[in-house]
Amino acid sequence: MTSSEESLNNAEHLLARLESARGRLENTEDPDQAIEILQELAELAKEVEAELQRAKRAAETEAVNPDAAAD
């Protein structure tokens, strides 16, 4: 089982990737590349949301059963 801390760390990593992609988008003038980057941003945003949901579920589980974090 993934702990809430692991999920939050994963979300932070994904947010860093999202910020990097956003920077690339700002610096491109190629419409095709911009579309690709926008698609990447959308996918990363979905991954961040999923990771935050996992963190929330893990935190709820850990709150109910503190020993679950050790699994």
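Let me sum up the structure you'll find in this document.

Conventions used here
- Residues numbered from 1 in each chain as written.
- Predicted model: local features only at pLDDT ≥ 70, side-chain atom pairs only at ≥ 80, totals over all residues.
- Heavy atoms only, no water.
- Helix = DSSP H or I, 4+ residues; strand = E, 2+ residues; numbered from the N terminus.
- Expected span 1.5 Å × (residues − 1).
- Buried < 20%, exposed > 50% of the residue type's maximum accessible area, 1.4 Å probe, protein only.
- Contact = heavy atoms within 4.5 Å.
- Core = buried A, V, L, I, M, F, W, Y, C linked by side-chain atoms within 4.5 Å.
- Salt bridge = Lys/Arg side-chain N within 4 Å of Asp/Glu carboxyl O.

Count 3.6 residues to each turn of an α-helix, and residues three or four apart come out pointing the same way. Along its 34 residues, helix H2 (residues 31-64) runs 50 Å from first to last C-alpha, staying within 8% of the 50 Å computed at 1.5 Å per residue. Looking at H2, one finds that the buried residues are Ala34, Ile37, Leu41, Leu44, Val48, Glu51, Ala55, Ala58 and Glu62. Contacts made by the buried residues of H2 are with helix H1 (4-27).

Among the nonpolar cores identified, the biggest contains six residues, and these are Leu14, Ala21, Ile37, Leu41, Leu44 and Val48. Only H1 and H2 provide two or more residues apiece to this core. When residues in this core are grouped by element, the largest group, four residues, is from H2. Beyond its immediate sequence surroundings of up to four residues, Leu41 is in contact with Leu18, Ala21, Arg22 and Leu25.

This model, assessed by the stated rule, comprises four salt bridges. Among the salt bridges present, the one from Arg24 reaches Glu40, with a minimum N-O distance of 2.4 Å. Here Arg24 is found in helix H1, whereas its partner Glu40 is found in helix H2, with 16 residues between them in sequence. Using a relative accessible area of 28% as the deciding quantity, one classes Glu40 as partly exposed. Note that Glu51 and Arg54 form a salt bridge whose closest N and O atoms lie 2.8 Å from each other.

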